[in-house]
Amino acid sequence: MKKLILILVLAFTVQVSFSQTKIDFFDFVRNFDWSISESDFRVTYKDLLVEQPDSMSEFLEISGLIPLDGIFLGKYEATANAMYNKLFDKPTLGILFNSLNAFDYLEIEKIIEQKLGKSNYFVKGENSEDDMVKTESKRIWIEGNNIFTLAQAKSLGSTSLHLIAEYREPDFRQGYWGDSMDEIKRKEGKPDEFGMENIYSFTTYVAGIECLAGYRFTDGKLTSGKYIFLNLNSDNCIQNYEKLVELLTKKYGEPIGSDKKSTASDFELNVMDEGDVVEMGKMRFDVNWVTPSTTVAIYLYGEQYQIQLGIEYYSNLHQEEMEHDVLKDL
């Protein structure tokens, strides 16, 4: 998301022409075919495309940005874009408002809430003071399979708003947060192998590695998921971990955090492979990602010579229910 916002801020240098076509941003998103290719997009929406000078062609090609005209939000018309970029495996739609005063900011928020209701999720701050673009806050709405993110950012002393729409993939395997257990069982078509209360789990394979997959439900709603990988040893655990991190990074982008801790001595680190140090319980790996709806974490560590490798998925939309569920057990 940080890279996306930076690209969109730079897009303000793109010269916009004027179109006779006027389309509401929310209507545009709700009727959009998220599977459409870039070439088909350019044909389908040729009337909305903005002609650009040659000086902008290289930037647009690298960023994957396609400037659009005639997209508005209420009374506000601003820079609109579609994005097809190698960083993303699906298109992104956005509309940008620059150099806003306090009244305009509140008006735009009011229009969005009239369309989407109260936001599902709020994030305050994201970047350091040294970044070219500092994200002040993000509000996120989930509407069906669409995710809307309203980011307030500061760049070179100017405040801007970026309303970004993306397609929402399933949150964990085939499930969306809030699904019932019956819905998940119907989608998976697998019997429950362990019969644990509020958990639906079974044996499967991920990236060719055998594992247990578990869906956890709070008050009848899906709130988290987990993979526990099997048949691990000191020879394959590092390789399996690195393979999974690479695949997760390909899906979710660069992680927000990555940690490697060791309590082993220098001698142990020099004479032993990392897998052996993990098995001894003297090395641990953790990597984390955050999407608008989900927090993802992968871990690798050893305990009493048993290697633990797992991936956990937590709903960002049901934090209160999950906390209440945990407190009942304390």
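Please refer to the structure placed before this passage.
All values reported here derive from a predicted model rather than from experimental measurement.

Quick look at the overall build of the protein now. Within the protein one finds 10 helices and 17 strands. When burial is assessed residue by residue, the protein has 47% of its 330 residues classed as buried. Of the contacts formed within the protein by residues at least 6 apart in sequence, a portion of 52% connects residues at least 24 apart. Counting every atom, the protein has about 17,600 Å² of accessible surface; 49% of that belongs to carbon and sulfur.

Time to look at the packing of aromatic side chains. Scanning the model with the defined rule gives 20 aromatic pairs in all. Here the aromatic rings of Phe172 and Tyr313 are separated by 4.9 Å at their centres, their planes lie at 50 degrees, and the arrangement is tilted. Here Phe172, found in the loop between β10 (158-167) and α6 (181-188), pairs with Tyr313, found in strand β17 (residues 306-315); they are 141 residues apart in sequence, far enough to count as distant. A residue is classified by how much of its surface remains accessible, and Tyr313, at 7% relative accessible area, is buried. Note on Tyr200 and Tyr215: the rings are 5.8 Å apart at their centroids and 15 degrees apart in plane angle, and the pair reads as stacked. Residue Tyr200 is found in strand β11 (residues 199-206), and its partner Tyr215 is found in strand β12 (residues 209-218); the two are separated by 15 residues along the sequence.

Tracing the backbone through its elements, the reader meets Tyr76 in strand β4 (residues 76-77). Along the primary structure Tyr76 and Asp104 are separated by 28 residues, whereas in three dimensions their C-alpha atoms are 9.1 Å apart. Not counting the four nearest positions on each side in its chain, Tyr76 is found in contact with Phe97, Asp104, Glu107, Ile108 and Ile111.

A few words on the nonpolar core. Formed by 40 residues in total, the largest nonpolar core has its most connected members in Tyr227, Phe229, Ile298, Leu300 and Ile311. Excluding residues that lie within four positions of it along the chain, Ile298 makes contacts with Tyr241, Leu244, Val245, Leu248, Phe285, Asp286, Val287, Trp289, Leu309, Gly310 and Ile311.

Now for the pattern of salt bridges. The final tally for this structure, using the stated rule, is 14 salt bridges. Glu143 is paired through a salt bridge with Arg30; the nearest N and O atoms lie 2.8 Å apart. Of this pair, Glu143 sits in strand β8 (residues 134-143) while Arg30 sits in helix α2 (residues 25-30); the two residues are 113 residues apart in sequence, bridging distant segments of the chain. Several salt bridges share partner residues, and in doing so they unite Glu109, Glu113, Lys118 and Arg139 into one network.

Glancing now at the sheet that holds β4. Sheet architecture is open: 3 strands sit in the order β1-β3-β4, paired in mixed fashion. Here the strands that pair on one side only, and so sit at the sheet edges, are β1 (23-24) and β4. Looking at chain direction, strand β3 (residues 71-73) and β4 are connected through 2 bridges and run antiparallel. Following the sheet pairing, Leu73 is matched in β4 by Tyr76.

For helix α7 (residues 237-252), with 16 residues, the first-to-last C-alpha span of 22 Å sits near the 22 Å given by 1.5 Å per residue. For α7, the complete set of buried residues consists of Cys237, Ile238, Asn240, Tyr241, Leu244, Val245 and Leu248. Down the axis of α7, the smallest arc covering the buried residues is 160 degrees, so these residues share one side. Relative to its buried face, α7 has exposed residues pointing more than 90 degrees away, namely Gln239, Glu246 and Lys250. After α7 finishes, the residue Gly253 shows a positive phi value of roughly 90 degrees.

Turning our eyes to something else, we now look at the sheet that holds strand β14 (residues 257-262). Strands sit in the order β11-β12-β13-β17-β16-β15-β14 across an open sheet of 7 strands; the sheet is antiparallel. The two strands at the open ends of the sheet, each matched to only one other strand, are β11 and β14. Neighbouring strand axes in the sheet, compared pairwise and without regard to direction, differ in orientation by 15 degrees on average. When β14 meets strand β15 (residues 283-290), the two strands line up antiparallel, connected through 6 bridges. By the bridge assignment, Lys261 is partnered in β15 with Arg284. Across the sheet, α6 lies against β11, β12 and β13 (221-229), angled at about 25 degrees from β11, the strand it touches most. Along the sheet, α7 makes contact with β11, β12, β13, β15, β16 (294-303) and β17, crossing β16 at roughly 175 degrees.

We now examine the pairing of strand β6 (residues 92-98). By the criterion of burial, β6 is predominantly enclosed, with 6 of the 7 residues buried. Sheet topology places strand β5 (residues 79-83) next to β6; 5 bridges connect them, and they run antiparallel. Looking at the pairing, Ala80 lines up with Ile95 of β6.

The rules behind the values
Every chain is numbered on its own, with residues counted from 1 as its sequence reads. In view of the model being predicted, local features appear only for residues whose pLDDT reaches at least 70, and side-chain atom pairs are presented and counted only at 80 or more, with totals across whole chains, interfaces and linings using the full set of residues. Heavy atoms from the whole structure form the basis of all side-chain values; hydrogens and water molecules are not counted. Only DSSP runs of H or I with at least four residues qualify as helices, and only runs of E with at least two residues qualify as strands; both kinds are numbered from the N terminus onward. Remark: exposure states derive from per-residue accessible area (1.4 Å probe, protein chains only) relative to the maximum for the residue type, with buried under 20%, exposed over 50%, and partly exposed in between. Any two residues whose heavy atoms approach within 4.5 Å are treated as being in contact. In short, Shrake-Rupley with a 1.4 Å probe defines the accessible areas, and a residue's cover is counted only from the protein chains shown. The criterion for an aromatic pair is that two Phe, Tyr or Trp rings (for Trp, the six-membered ring) have centres within 6.5 Å, with stacked assigned to planes under 30 degrees apart, edge-to-face to planes over 60 apart and tilted to the rest. The nonpolar core is taken to be a set of buried Ala, Val, Leu, Ile, Met, Phe, Trp, Tyr and Cys residues, with the residues joined through side-chain atoms within 4.5 Å. For this document, the term salt bridge refers to a Lys or Arg side-chain nitrogen within 4 Å of an Asp or Glu carboxyl oxygen. Following DSSP output, two strands are said to pair if at least two bridges run between them. Expected helix span is taken as 1.5 Å per residue step, with the number of steps being one fewer than the number of residues. Our arc is simply the arc of the directions from the helix axis toward the C-beta atoms. Axis definition: a line fitted to C-alpha atoms, limited for helices to the stretch in contact. Angles are taken between N-to-C directions and run from 0 to 180 degrees.

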